[in-house]
Structure formats: structure tokens, C-alpha cells
Amino acid sequence: LLQRSHATVFVSQAEGYGLPIAESLWLGRPCLCSDHGSMAEIAEGGGCLAVPASDPAAIEAGFERLASDPALRRRLAAEARGRPLRRWRDYADALL
């Protein structure tokens with residue numbers, strides 16, 4: 001489903017890492033996500049449109065913007081594809 005999507009949405013008040021955001025970026029898909037904590041850290045590298053999770057109007061505006069602006073989706077997708085994202089193998093190698 002992610003591979004066929006135009007974008008993903010992961011707006012959360014509290015998240016340990018934000019794996020859905022990373023998965024979206026790994027597949028080159030833009031993501032609407034929260035602008036705080038680990039989610040903001042993931043988003044700052046590009047490919048994401050970050051909004052305050054506590055602001056329903058900002059979430060709605062971000063969702064509408066992502067849904068209705070193909071140029072924005074293309075730009076964010078290009079940013080996502082251009083990111084040097086770590087893979088599971090990279091994490092395993094670092095642990096070993």
C-alpha cells in the first residue's frame with residue numbers, strides 16, 4: 001500500500017521513534033508528520049511536511065496541502081529519495 005500511495009500521514013502526540021515516517025521516506029513517499037520529538041528529527045532531513053500534533057487546524061491544512069498540491073508532493077518525494085537513510089542492516093552492523 002505504501003508503494004502505491006502518493007504520500008503518508010503520521011501525526012502523533014507521542015512516539016518513540018516514528019517508524020512509519022522512516023518507512024515512508026525509505027520508499028520515497030512524502031509524509032505529513034508531527035513537528036516535535038523524534039518525528040521532527042526524522043522530518044528535518046527532507047521529504048516531510050511537519051505540523052503541530054496538538055493543532056487540528058494545522059493538521060487539516062497540512063493534509064489538504066499535501067493532497068491538493070502535486071508540485072509539493074513531487075518536491076518532497078525527491079527530497080525523500082535523495083536522503084541517505086539508514087537501513088535495518090546498517091543498524092545491525094552498528095550493534096555488532
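Small disclaimer: the values here were computed from a predicted structure and weren't measured.

About the criteria used
- Residues numbered from 1 in each chain as written.
- Predicted model: local features only at pLDDT ≥ 70, side-chain atom pairs only at ≥ 80, totals over all residues.
- Heavy atoms only, no water.
- Helix = DSSP H or I, 4+ residues; strand = E, 2+ residues; numbered from the N terminus.
- Rg over C-alpha atoms; globule rule 2.2 N^0.38 Å.
- Buried < 20%, exposed > 50% of the residue type's maximum accessible area, 1.4 Å probe, protein only.
- Contact = heavy atoms within 4.5 Å.
- Areas by Shrake-Rupley, 256 points an atom, 1.4 Å probe, with all protein chains shown as cover.
- Lys, Arg positive; Asp, Glu negative; His and termini not counted.
- Charge placed at Lys NZ, Arg CZ, Asp CG, Glu CD.
- Pairing = 2+ DSSP bridges.
- Axes fitted to C-alpha atoms, helices over the stretch in contact; angles between N-to-C directions.

(A) Here's a closer look at the overall build of the chain. A count of helices and strands for the chain gives five helices and three strands. Across the chain, helices and strands are ordered from the amino to the carboxyl terminus as β-α-β-α-β-α-α-α. Relative to the globule expectation of 12 Å for 96 residues, the C-alpha radius of gyration of the chain, 13 Å, shows essentially globular dimensions. With the principal axes as the frame, the chain shows a C-alpha extent of 45 × 25 × 20 Å. Here the chain holds 96 residues, and the buried ones make up 36% of them. When contacts within the chain are restricted to residue pairs at least 6 apart in sequence, those whose partners lie at least 24 apart make up 44%. When the accessible surface of the chain is totalled, it reaches about 5,800 Å², and 56% of it is carbon and sulfur. Measuring between centres, the 11 positive side-chain charges of the chain sit 10 Å from its 12 negative side-chain charges.

(B) Quick look at the sheet that holds strand β3 (residues 48-51). Taken in spatial order, the three strands make up an open sheet running β1-β2-β3, and their pairing is parallel. Edge positions in the sheet fall to β1 (8-10) and β3, since each has one partner strand and no second. Averaged over all neighbouring strand pairs, the angle between strand axes comes to 20°, with direction disregarded. Bridge count between β1 and strand β2 (residues 31-34): three bridges; the pairing is parallel. Residue pairing in the sheet places V9 in a bridge with L32 of β2.

Read these as spatial facts, not as claims about activity.
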